[in-house]
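So the chains spell out like this:
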Amino acid sequence: MGVLRKTKNLEEVLETFRHSRQALSANMLLEQLSEGINKSTVYRLLDRLEDDGVIHSFLAANHTKFYALCQSCTSDKHVHSHPHFQCLSCNQVVCLEEEFKLPSINDMNILEAEVFLKGYCASCQF
Ligand SMILES: [Zn+2]
Ligand SMILES: [Zn+2]
Ligand SMILES: [Zn+2]
């Protein structure tokens, strides 16, 4: 984890991500952390973790920023080609395992895509 200095707050944020099967917004994270960690601390920790290649962020519905753990990113570079999904019913946001195949369009050199998918998760379909 590079130069990241471990603090109690940081450990708690990381644990929350590890135990969550969903991506989390800063507000969702705050609700799960112990009292006494304020919002600006949470934002600072999230920034640091993202800089260090530990978590990545993306925008979900309503331009809400969500964060999720990275698999194999480093502080030098984030490498992602997975789509994100938000359930229209329960609103949960998850990283999908599938690689998203970049389209080749004419003579353009497409390097990355941010794919955001919406629909119904397994427990919301009936
Ligand atoms: Zn990453
Ligand atoms: Zn759902
Ligand atoms: Zn993701």
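The structure under discussion appears in the preceding block.
Attention in this report is confined to the structure presented alongside it.

The rules behind the values
- Residues numbered from 1 in each chain as written.
- Chains lettered and ligands numbered in written order.
- Predicted model: local features only at pLDDT ≥ 70, side-chain atom pairs only at ≥ 80, totals over all residues.
- Heavy atoms only, no water.
- Donors = N, O, S within 2.8 Å, 3.2 Å for Na, K, Ca; no water.
- Tetrahedral: all angles 85-135°; square planar, octahedral: opposite > 155°, others 65-115°.
- Helix = DSSP H or I, 4+ residues; strand = E, 2+ residues; numbered from the N terminus.
- Buried < 20%, exposed > 50% of the residue type's maximum accessible area, 1.4 Å probe, protein only.

Here we come to the coordination of the zinc ion (ligand 3). Taken together, His-56 (NE2), His-82 (NE2), His-84 (NE2) and Cys-95 (SG) make up the protein donors of the zinc ion (ligand 3), found 2.0 to 2.3 Å from the metal. Considering all four donor atoms around the zinc ion (ligand 3), the spread of angles at the metal, 102 to 113°, places the coordination shape in the tetrahedral class.

Around the zinc ion (ligand 2), the protein contributes the donor atoms Cys-87 (SG), Cys-90 (SG), Cys-121 (SG) and Cys-124 (SG), at 2.3 Å from the metal centre. Note that the zinc ion (ligand 2) binds four donor atoms; their angles at the metal cover 104 to 115°, and the shape is tetrahedral. All donors to the zinc ion (ligand 2) come from one chain, and their sequence spacing reads C-x2-C-x30-C-x2-C. With a gap of 34 residues between them, Cys-87 in strand 4 (residues 84-87) and Cys-121 in the segment after strand 6 (116-119) connect regions that are remote in the sequence. For Cys-87, a relative accessible area of 1% gives the class buried. A relative accessible area of 9% means that Cys-121 is categorised as buried.

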